[in-house]
Structures are given as structure tokens and as C-alpha cells.
Amino acid sequence: MTSAGTAGTRELTAELRGFREVQRLSYACAEAVAAQLKPGVTERDAARMQREWLYERGVKDWFHRPFAWFGDRTAFVDFRIPLQFFPTNRRLEAGMPFILDMAPVYKGYTADIGYSGSLGLNPVQDKLLADLREHRELILREVRERRRLREIYEDVDRLMVRQGYANRHRAYPFGVIAHKVDRVRERRWSPTLFGFGTQSLKGLASDALHGHRDGWSPLWSPYRFSDHPPRPGLWAVEPHLGFRGTGAKFEEILVVTDSRDPEQSAFWLDDDLPHVRRWNEEEVAA
């Protein structure tokens, strides 16, 4: 998939290398924590394990603190209010799907990632993960075509329906499938508010204010405020599929530029990510 429009063979700027470093650090954390999960571990345990792993490697601030969802909570079953997203005492069981989600700030760079897995075999989630590949390709293709974000969102929805799945990112606040990420000024004291870093929230609010004035939004949603072409910058994109109480998603950074060259106008920041490696291995095996 490297040749299909990602940063795998592209010479990255120093700034993009900084974002790639924190994204890789986040996925390394997800893989390390996933390898330690066992029956009886709670969502709160898994969130704490992510925090501690990242703290030990120099993370001091967050776009948002780590989340963990087990079982039918991976599909946001009956989620109605934001507080339901926070980790609970739900315990992991054999065969149960899980999602780890974290957004650390490292050396002033931000990433927001989602990692889906299961404790043992789970054929339903395996199928969801395989079918997410088509969403990654669709999103990149239509961003390069400069389709409006709201229109791309609707096309993702239609693809999910054709695949037989439910759109679960619609359960997020404002129904977002993505949001912009930016540099965050490093500070000695980095408070959080409802699990979100205040520095990052200030940056997002500033983008929202300027965007409203200029006719764009840092939130990629199904609503009118996202009815505009892709805005240059970095977007954390997270299509989230659900099927009968099982959910799966990936989340990674999409780079959007103002280049007129289609291949340079948008590309995924990195190919060396667990879900991409999984797809490539499946392709070779087939």
C-alpha cells in the first residue's frame, strides 16, 4: 500500500517526522499494553497501563488521556452521554474485543490513535478490521479529489451500509470521523479538563474560532459546518465500524497540503502501523 499514497517513500519534513514519531510511540504503547491484557483486567486498568507506559517514555501532556473499551462497549452500545466514553470496571474475557485509544503530546507534537484487537480469536472483529482497509483507501482518494468533508463522510456511511455495518463514530461528540491536530507548546505544568489537555483544547478552540470566520471547521462531521473542502493540515481520522455489539476502528494522521499534485495533496503520514501491516500480510497470504 505504500505506492497507493502514503508517506512510506516520501521524504518528510522535520515537523512531519515529529508527528510520525509520536504516532509510532502511541502504536508501540498500544501493542505493548495489548500483549499484557488477560482475563479480569478492567478498562481502567488498561487505561492506566497506557498512561504509565507513556509517562515512562517522556510523555507529559495529552490531547486526551487514554481510553479503553471492552466487549460491546467497542461498538458504543447504548452510549448517550460523553461520560460513557470514560474507562469503566468492565472486565476483559476470553474472545472479547477491545479498543485502546490514546492521544499523547510528545516533544510538542500530537497524535491520536486507535488500536483494535481481541483477547484470543474473534472472527467478527477480524472481518471488521479487514473491511476497514477499503475505508482508508476511500478517504484518501476523495480527499485528493477535494470533495467536501461532509460529502466524504456520507460516502463512508454508504460504504459501511454496503458492507453491512453501523457507523459508530457518529456516537462521538458532534459525530466526528476526524479532527485536526497541531503542535502544542510544551509547559512544565500540563493540566487536563475532563480527560483532555487544556493546551490542546485551547488550540482546537482557536482553530474553531478562526475556521468559523473563514468558513471551515477543525471537526470533520456530518453537519453543515463541515461542508467545505479539506483544509491543509494534519487530521486524525478514525472510521469506526460496528456489528452486533462488536466494534473496530483505526485512527491515524492524514496529511493534507495545498499541492496541485494529487499524490502530494494528501497522504497518510505512515504505513508502518499495525493495521496496515496486518492488511499487507493478509494480502501476501492470499
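Here is a short report on the structure shown in this document. For clarity, every value in this text was computed on a predicted model and none was experimentally measured. (Residues numbered from 1 in each chain as written. Predicted model: local features only at pLDDT ≥ 70, side-chain atom pairs only at ≥ 80, totals over all residues. Heavy atoms only, no water.)

### Concerning the overall build of the chain
When you go through the chain residue by residue, the secondary structure sums to seven helices and 14 strands. When each of the 286 residues of the chain is scored for burial, the buried share is 55%. Contacts in the chain between residues at least 24 apart in sequence constitute 70% of all its contacts with a sequence separation of at least 6. Carbon together with sulfur atoms contributes 51% to the accessible area of the chain, which is approximately 13400 Å² in total. (Helix = DSSP H or I, 4+ residues; strand = E, 2+ residues; numbered from the N terminus. Buried < 20%, exposed > 50% of the residue type's maximum accessible area, 1.4 Å probe, protein only. Contact = heavy atoms within 4.5 Å. Areas by Shrake-Rupley, 256 points an atom, 1.4 Å probe, with all protein chains shown as cover.)

### Examining the sheet that holds strand E14 (residues 266-268)
Pairing is antiparallel across the open sheet formed by five strands, whose spatial order is E9-E6-E10-E13-E14. At either margin of the open sheet sits one strand with a lone partner, and together these are strand E9 (219-220) and E14. With three bridges connecting them, strand E13 (residues 252-256) and E14 associate as antiparallel partners. Within E14, the residue paired with Val256 across the bridge is Ala266. Docked against the sheet, helix H1 (residues 14-36) engages strand E10 (233-237), E13 and E14, running at close to 165° with respect to E13. Contacting E9, E10, E13 and E14, helix H3 (residues 123-144) crosses the sheet at an angle of about 160° to E14. (Pairing = 2+ DSSP bridges. Axes fitted to C-alpha atoms, helices over the stretch in contact; angles between N-to-C directions.)

### Remarks on the nonpolar core
If you look at the biggest cluster of nonpolar residues, it comprises 67 residues, and the most contacted ones within it are Leu100, Ile139 and Trp220. Look past the residues within four positions of Trp220 in its chain and what remains in contact with it is Ile139, Val143, Leu149, Ile152, Tyr153, Gly175, Val176, Ile177, Ala178, Ser226, Trp235 and Val237. Counting nine residues, the second-largest nonpolar core is a separate cluster that includes Phe67, Phe79, Tyr172 and Leu219. (Core = buried A, V, L, I, M, F, W, Y, C linked by side-chain atoms within 4.5 Å.)

### What to know about the pattern of salt bridges
Within this structure, the stated rule accounts for 28 salt bridges. The salt bridge partner of Arg136 is Glu252, with a shortest N-O separation of 2.6 Å. On the criterion of sequence distance, the pair formed by Arg136 in helix H3 and Glu252 in strand E13 is long-range, its members being 116 residues apart. Arg136 sits in the buried class, given a relative accessible area of 1%. Asp182 is paired through a salt bridge with Lys180; the nearest N and O atoms lie 3.6 Å apart. By relative accessible area, which is 34% here, Asp182 ends up partly exposed. Owing to a relative accessible area of 7%, Lys180 belongs among the buried residues under this scheme. Where salt bridges share partners, they join Glu142, Glu145, Arg147, Glu151, Asp155 and Arg158 into one cluster. (Salt bridge = Lys/Arg side-chain N within 4 Å of Asp/Glu carboxyl O.)

### So, the packing of aromatic side chains
Tallying each qualifying case throughout the model produces 17 aromatic pairs. Summarising the aromatic geometry, the rings of Phe174 and Phe225 are spaced 6.4 Å apart at their centres and angled 80° between planes, so their arrangement reads as edge-to-face. Of this pair, Phe174 sits in the loop between strand E5 (166-167) and strand E6 (178-181) while Phe225 sits in the loop between E9 and E10; the two residues are 51 residues apart in sequence, bridging distant segments of the chain. Given the relative accessible area of 53%, Phe174 is considered exposed. We classify Phe225 as partly exposed; its relative accessible area is 35%. Note on Phe250 and Trp268: the rings are 6.1 Å apart at their centroids and 80° apart in plane angle, and the pair reads as edge-to-face. Separated by 18 residues along the polypeptide, Phe250 in the loop between strand E12 (246-249) and E13 and Trp268 in strand E14 bring together distant segments of the chain. Site record: aromatic cluster; members linked through ring pairs are Phe67, Trp69, Phe76, Phe79, Phe85, Phe86 and Tyr172. Sitting over the face of the ring of Trp53, Arg57 holds its NZ or CZ atom 3.7 Å from the ring centroid. The positively charged end of Arg183 is found above the aromatic ring belonging to Tyr109, 4.0 Å away from the centroid. (Phe/Tyr/Trp six-rings, centres within 6.5 Å; stacked < 30°, edge-to-face > 60°. Lys NZ or Arg CZ within 6 Å of the ring centre and 35° of its normal.)

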